Amino acid sequence: MKKILMFLMCVIAVASGVANAQEWPNRSIKFISPFAPGGSNDIATRLIAEKLSTKLQQTIIVENKPGANIRIASEIIARAEPDGYNFVMVAAPHTTNPALYGQLPYDTLKDFTPVVQVVRAPLFLMVPANSPIKTVAELLAASAKQPTGLNISSPGNGTAPHLALELFNNLAKSNLNHIPYKGDAPAVTDLLGERVDAGIHPIISPLPHVKSGKIRVLAVFGSTRSSLLPDVPSLGELGYKNTEVYTWFGLVGPAKLPVKIVDRLNKDVNEILSQPEVRQRFADMGMETVGGTSDQFAKFIRDDIQKWKTLVAQRNIKPD
């Protein structure tokens, strides 16, 4: 009788474990945005969470944990249980921080499970409309004539636009001079006021001024044109290869996340990103939807980390 009872208990335990695995998610899920409320990452996180909660038929709670160039939010998820209930919408610093800061409180490659890259925001090289410079070649020629080079604005030291400038200087053997600001808004304001010669920015902040004719866009970083400004040539077209630099957002969870959960989330987010209204919403924010497999996202992260480690060492780039 004892043996039968123990056998039945084992069967029940196994069945319970299977049921629990099948029931995911059986409680609310947490998504962390590593930026303050109201910003593009926060909006993107909440949009995906809202759509995904309908698919999963479960509440997704969005928490904002800004600070330390996304390191605070990332550390929370790196230490979380890999049970499918904690995720963070990381951004470009996820792959630049290892190069810029050296020792981190987590291992970017080992302590996370990439789920899906959600969106990317192309970076554009632009000048004030009153500038005599109308092409990238003219910009480089004008800078070469200056002992310290032309002044190029970015939203800050260590940001994707700053790194894009350093990458371009490396490729073009140019002397464009970096002028960091505390955010896109003040940088674009000074670009409009012609207090800098040019700027590198995502399109969302300068877009109204591009449409009104106050800012002229010379090129987009990357090998192909952007659907956001299809008439603007890419640097790849102009002969500058390997200039892919974006600000981007992607969903990651803790390491050792079950494959079934990763696959389910990846499938659902890809379906959400294919919806025309979602694509338009992101386009209105200056972003392009990405999607793809979790393996593709993992490869992107590995390659991006190596690219920035190499560049930061070559150019001696400092985050502050």
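Here, every reference points to the structure presented above.
Criteria and thresholds
Residues numbered from 1 in each chain as written. Predicted model: local features only at pLDDT ≥ 70, side-chain atom pairs only at ≥ 80, totals over all residues. Heavy atoms only, no water. Helix = DSSP H or I, 4+ residues; strand = E, 2+ residues; numbered from the N terminus. Buried < 20%, exposed > 50% of the residue type's maximum accessible area, 1.4 Å probe, protein only. Areas by Shrake-Rupley, 256 points an atom, 1.4 Å probe, with all protein chains shown as cover. Pairing = 2+ DSSP bridges. Arc of directions from axis to C-beta. Contact = heavy atoms within 4.5 Å. Phe/Tyr/Trp six-rings, centres within 6.5 Å; stacked < 30°, edge-to-face > 60°. Core = buried A, V, L, I, M, F, W, Y, C linked by side-chain atoms within 4.5 Å. 1 Å grid on protein atoms, 1.4 Å probe; cavity = no way out; pocket = protein on both sides within 12 Å on 5 of 7 lines; lining within 4 Å. Points joined across faces, edges and corners; volume = space filled by probe spheres on them. Nonpolar A, V, L, I, M, F, W, Y, C, P; charged D, E, K, R; others polar. Salt bridge = Lys/Arg side-chain N within 4 Å of Asp/Glu carboxyl O.

Asks: Explain the overall build of the protein chain residue by residue, including any values.
Replies: Summing up its helical and strand segments, the protein chain has 11 helices and 10 strands in all. On the principal axes, the C-alpha backbone points of the protein chain span a range of 95 × 40 × 30 Å. By the burial criterion, 49% of the 320 residues in the protein chain qualify as buried. Put simply, the protein chain shows about 15,300 Å² of open surface, and 54% of that area lies on carbon and sulfur atoms.

Asks: Lay out the pairing of strand β3 (residues 86–91) with the relevant residues and their values.
Replies: When you tally the buried positions in β3, you get six out of six residues, the bulk of the element. Across the two faces of β3 the burial is the same, with Asn86, Val88 and Val90 and Phe87, Met89 and Ala91 all buried. Two strands pair when backbone bridges link them, and β3 and strand β9 (residues 246–254) are joined in this way by four bridges, in the antiparallel orientation. In the strand pairing of β9, Ala91 is matched with Phe249.

Asks: Tell me what's going on with the environment of Thr224, and back it up with residues and numbers.
Replies: By secondary structure assignment, the location of Thr224 is in the loop between β8 (215–220) and β9. A relative accessible area of 51% places Thr224 in the exposed class. Expressed as a C-alpha distance, the spacing of Thr224 and Gly102, which sit 122 residues apart in the sequence, is 32 Å.

Asks: Describe helix α5 (residues 136–144), and please don't skip the residues or the numbers.
Replies: When we look at burial in α5, the residues that qualify are Val136, Leu139, Leu140 and Ser143. Down the axis of α5, the buried set is contained in an arc of 95 degrees. They therefore lie on one face. Close packing links the buried residues of α5 with β4 (112–128), α6 (160–172), β7 (198–202) and β8.

Asks: Would you mind going over the packing of aromatic side chains in detail, with residue names and values included?
Replies: What describes a pair of aromatic rings is the distance from one ring centre to the other and the angle between the planes of the rings. The tally for this structure, following the rule as stated, stands at six aromatic pairs. Between Phe31 and Phe87 the ring centres are 5.8 Å apart and the planes differ by 75 degrees, which places this aromatic pair in the edge-to-face class. Separated by 56 residues along the polypeptide, Phe31 in strand β1 (residues 29–33) and Phe87 in strand β3 bring together distant segments of the chain. The pair Phe31 / Phe87 is uniform in exposure class, with both members buried. Taken together, a centroid distance of 5.2 Å and an interplanar angle of 85 degrees make the contact between Trp248 and Phe300 edge-to-face.

Asks: An account of the nonpolar core is requested, with residue identities and associated values reported.
Replies: Ranked by size, the top nonpolar core spans 33 residues in total, and within it Phe31, Ile48, Phe87, Val118 and Phe282 carry the most contacts. Of all the secondary structure elements, the ones that give two or more residues to this core are β1, α2 (40–56), β2 (60–64), β3, β4, β9, α9 (259–273) and α10 (276–284). Once you skip the residues sitting within four places of it in the chain, Val118 turns out to touch Ile48, Met89, Phe249, Gly250, Leu251, Val269, Leu273, Phe282, Glu288, Thr289, Val290 and Gly291. In this structure, Leu100, Leu123, Ala219 and Trp308 belong to the second largest nonpolar core, which totals 29 residues.

Asks: Outline the layout of surface pockets, supporting the account with residue identities and numerical values.
Replies: In this structure, the largest pocket spans a volume of roughly 880 Å³. Every residue lining the largest pocket is counted, 32 residues in all, and those nearest its centre are Phe35, Pro155, Thr159, Asp184 and Thr247. Counting only elements with at least two residues in the lining of the largest pocket, the list comes to α2, α4 (93–101), α6 and β9. With four residues, the single largest contributor to the lining of the largest pocket is α4. Within the lining of the largest pocket, the residues separate by chemical class into 17 nonpolar, 12 polar and three charged.

Asks: Tell me about the pattern of salt bridges, residues and numbers included.
Replies: Within the structure shown, the criterion is met by 14 salt bridges. For Arg46, the salt bridge goes to Asp42, with nearest N and O atoms at 2.8 Å. Of this pair, Arg46 and Asp42 both sit in helix α2, separated by four residues, roughly a single helical turn. Classification of Arg46 as partly exposed rests on a relative accessible area of 36%. Look at Asp42 and you get buried, because its relative accessible area is 4%. Here Glu271 and Lys267 are joined by a salt bridge, their closest N and O atoms 3.0 Å apart. A residue pair is termed a helical-turn pair when its members lie 3 or 4 positions apart in one helix, as Glu271 and Lys267 do in helix α9 at four residues.

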